[in-house]
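Here is how the chains run, residue by residue.
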Amino acid sequence: MRNKSEQMSLFDTYKGVAASMEEDKPKLFRLLDEHIDWDTLVPARFYMAFYQNTGRPRKYPLVAFLKSLVLQKIFCYVNDSVLLVTLRHSREMRKFCGFSKVPDAAKLTRFKQDFLPYIMEVFERLVELTEPICREMDAELAGSLIYDTTGIESYVAENNPKFFSSKLRQAKLMAKTNPNTDPYRAVYGLLPDCAAASPAVKQQYINGHFCYAQKAGLLTNGLGIVRHIAFFDDAFKKSHPEIPIDKCTDNPDADKELGDSRTLLPVLRDFKLRHPGLHYKTFLGDAAFDSYDTYSALLREFQFERAVIPMSRRNTAGKLVAHLDENGIPLCPNDGSQLKFHSVCGGKNRSMRLKFICPETERVKSPNGTTWRCRCDQPCSASAYGRCVYIYPDADLRLYPGILRGSDQWAALYAKRTAVERSIGSFKHVLGLEQRKTSNSLTTNADLYLAGIVQLLCVVLADALHERHLFRRVRRLAA
């Protein structure tokens, strides 16, 4: 307790006021200041490009732009005007960002468009930073890679429901003159390939409806934490000329699957080029990626141990071997029941084999120890051991992609594939990506990377606060 006769110094008064101001700082700002080293995240090339000689000094710091755009995603401010109004009326928010004066909306937009490559570098640094955290959280899920595509609907006239209704009426008029025409199929051919306002906004078929969107691909791990973002813009197509992403049939579902499968391998190659030190054991994807070439590339070129991809009925019809079921498990010739998986065989000079035996075969005692005997009432083999079938997975990687199809392990792994869909949903709805009113591809691309940066910053905060179960809930961390 302070002595009554002791006089407080000016330094003591300053310390008391400073401590009071620090305690009044919103918790989110305090957490971001304490646990995020912005100078480390921003590469030197970014500073050099931002502060290069422009003829006059910069009024607004580089980190201030980044912090304000991160807060925009966290608070789900879909309009820049809402962010700027909040900055003008919140001294704490301005101080946290480092703005002495609030910029206008045009400067935010120009920052995204002019420095998009460097925003991508910040995202990639956070990917490397969060990788060991993910491995500590769950090594099995962090060692899995999931791929999916999405479309970010743009603010264009073609996304107005009236536009599609007018095309549908046109298709119905065509159907009156030709009774064999299905107007709902015909309308697919009447839709323009891109929006009039921006050629980068392409006609897409997403979640069962037509829209005009800018398409992107996301790689996440099994935890749903984003690892890579690929925006299918002109630069991507130029660097990968082997990808034709055009209408190929009159079936939008088939075209979507075809487009998704063609982008997978280029996206994985770009990811491997940017992060050569990251290795994953399991790949997860939907039936759109079911093709022989895909399995060969995943298991051989990219060195995945297993590829968990369900078979597409379109690719399977009429191609099953008579003595195998749809999951590649041998069948009994008598009653068509599945044989029992026994073990994985193989030696130094022999290829790996999967061994299947009769389900009625069991281990019994013998004078020399134990042996196997078939107890089937109607044996399908003359051997006392019972029927034994060896499968060589390398002969058919599609049927045997490093894991037995239909097994409990297969089901448990494939159930994790929805993590990428939840992550995409979080980007669009929680972080406000889908409500953004823009048709510019550079702005949309920057917004997507900023959403990824926010998710990865949340992982860093959750780890620093020892609350890893909140790794995708930044608002809960600050509550």
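In the block above lies the structure referred to throughout.
Just so it is clear, the model here is predicted, and its values are computed rather than measured. (Residues numbered from 1 in each chain as written. Predicted model: local features only at pLDDT ≥ 70, side-chain atom pairs only at ≥ 80, totals over all residues. Heavy atoms only, no water.)

Caption draft 1: Structural context of the overall build of the chain. The secondary structure content of the chain amounts to 20 helices and 11 strands. Each of the 479 residues in the chain was classed as buried or not, and the buried ones make up 46%. Pairs at least 24 residues apart make up 65% of the contacts formed inside the chain by residues separated by at least 6 positions. For the chain, the accessible surface area stands at approximately 25100 Å², while carbon and sulfur atoms represent 52% of it. (Helix = DSSP H or I, 4+ residues; strand = E, 2+ residues; numbered from the N terminus. Buried < 20%, exposed > 50% of the residue type's maximum accessible area, 1.4 Å probe, protein only. Contact = heavy atoms within 4.5 Å. Areas by Shrake-Rupley, 256 points an atom, 1.4 Å probe, with all protein chains shown as cover.)

Caption draft 2: Local environment of unusual backbone geometry. Positive phi, normally seen in glycine, also occurs at C76, with a value near 60°. When you line up the elements, C76 lands in the loop between α5 (62–74) and α6 (80–89). Look at C76 and you get partly exposed, because its relative accessible area is 26%. Backbone geometry at H466 places phi at a positive 60°, although glycine is not the residue there. Inspection of the secondary structure puts H466 in the loop between α19 (441–464) and α20 (474–477).

Caption draft 3: Just the nonpolar core, in detail. F46, L71, F111, L268, F304 and I453 are the most contacted members of the largest nonpolar core, which totals 106 residues. Sorting elements by how many residues they give to this core places α19 first, with 14 residues. Residues within four places of F111 in sequence aside, it is in contact with F46, F50, L62, F65, L66, L69 and I119. Grouped together as the second largest cluster of nonpolar side chains are 12 residues, C332, F356, I391 and Y400 included. (Core = buried A, V, L, I, M, F, W, Y, C linked by side-chain atoms within 4.5 Å.)

Caption draft 4: Highlighting the side chain of K67. As for its placement among the helices and strands, K67 is situated in helix α5. Classification of K67 by relative accessible area gives buried; the value is 10%. Among residues more than four places away in sequence, those in contact with K67 are D33, W38, F96 and C97.

Caption draft 5: Representation of the pattern of salt bridges within the structure. All told, the structure shown has 19 salt bridges when counted by the stated rule. Note that R45 is salt-bridged to E121, the shortest N-O span being 1.9 Å. Taken together, the positions of R45 in helix α4 (residues 44–50) and E121 in helix α9 (residues 116–137) put the pair 76 residues apart, joining distant regions of the chain. For E434, the salt bridge goes to K428, with nearest N and O atoms at 3.8 Å. (Salt bridge = Lys/Arg side-chain N within 4 Å of Asp/Glu carboxyl O.)

Caption draft 6: Spatial organisation of a positive patch on the surface. A cluster of like positive charges, contributed by K416, R422, R472, R473 and R476, occupies part of the molecular surface. Checked against the element boundaries, R473 lands in the loop between α19 and α20. Taking the relative accessible area as the measure of exposure, R473 reaches 47% and is therefore partly exposed. (Patch = residues over 30% accessible without salt bridge, like charges linked within 9 Å, V, L, I, M, F, W, Y side chains within 5 Å. Lys, Arg positive; Asp, Glu negative; His and termini not counted. Charge placed at Lys NZ, Arg CZ, Asp CG, Glu CD.)

Caption draft 7: Up close: the side chain of N445. Residue placement: N445 occurs in helix α19. Of the residues examined, N445 reaches a relative accessible area of 4% and is grouped as buried. Those residues in contact with N445 that sit more than four places away from it in its chain are L116, F231 and D233.

Caption draft 8: Broad picture of the environment of R45. Classification of R45 as partly exposed rests on a relative accessible area of 46%. Residues within four places of R45 in sequence aside, it is in contact with Y118 and E121.

Caption draft 9: Here's a closer look at the sheet that holds strand β8 (residues 353–357). With respect to topology, 3 strands assemble into an open sheet ordered β7-β8-β11, the strand pairing being antiparallel. Single-partner strands in this sheet number two, and they are β7 (340–345) and β11 (388–391). Pairs of neighbouring strands in the sheet enclose a mean axial angle of 25°, with direction left out of account. Across 4 bridges, β8 lies against β11 in antiparallel orientation. Within the sheet, the bridge partner assigned to F356 lies in β11 and is V389. (Pairing = 2+ DSSP bridges. Axes fitted to C-alpha atoms, helices over the stretch in contact; angles between N-to-C directions.)

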